[in-house]
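Spelled out, the chains give:
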Amino acid sequence: MESYCWPQPDGELVIPSSHPTFIAFYPDAARAARIELALSRDDAREPVSLERRGAVTIAWSQAPAGHERDLVWSCLA
């Protein structure tokens, strides 16, 4: 029986709230892109919005307000 291995980031930051946000860090943009594709397929049944810039992927469990989104990205720059 083949087991499924969930793609793991090299580091992760979780912003806890009633709608938590997960920020995943990868060693390079190519790996982040490959894993983003897997996450997109796996999370298709869940209301998760994925955004990626370079080697960072953010999984929003609820669409953020514009100012919240901008604040998170400015902290990651």
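Throughout what follows, the structure given in this document is the object of discussion.

Conventions and cut-offs
Residues numbered from 1 in each chain as written. Predicted model: local features only at pLDDT ≥ 70, side-chain atom pairs only at ≥ 80, totals over all residues. Heavy atoms only, no water. Phe/Tyr/Trp six-rings, centres within 6.5 Å; stacked < 30°, edge-to-face > 60°. Lys NZ or Arg CZ within 6 Å of the ring centre and 35° of its normal. Pairing = 2+ DSSP bridges. Helix = DSSP H or I, 4+ residues; strand = E, 2+ residues; numbered from the N terminus. Polar contact = N/O pair within 3.5 Å; in protein donor to acceptor, adjacent residues only side chain to side chain. Contact = heavy atoms within 4.5 Å.

### Regarding the packing of aromatic side chains
Following the criterion strictly, the structure yields zero aromatic pairs and no others. For the cation-ring pair, Arg-53 lies above Trp-73, with the distance from its terminal atom to the ring centre recorded as 4.2 Å.

### Overview of the pairing of strand β3 (residues 49–53)
Relative to strand β4 (residues 56–60), β3 is paired through five bridges, and the arrangement is antiparallel. Residue pairing across strands places Ser-49 opposite Trp-60, the latter belonging to β4. Here β3 hands over to β4 after two residues, with Gly-54 in that stretch at a positive phi of 60 degrees.

### Some details on the side chain of Glu-36
You can see Glu-36 is positioned in helix α1 (residues 29–42). In terms of polar contacts, Glu-36 uses its side chain to reach the side chain of Arg-52, at 2.9 Å. Setting aside residues up to four positions removed in sequence, Glu-36 forms contacts with Leu-50 and Arg-52.

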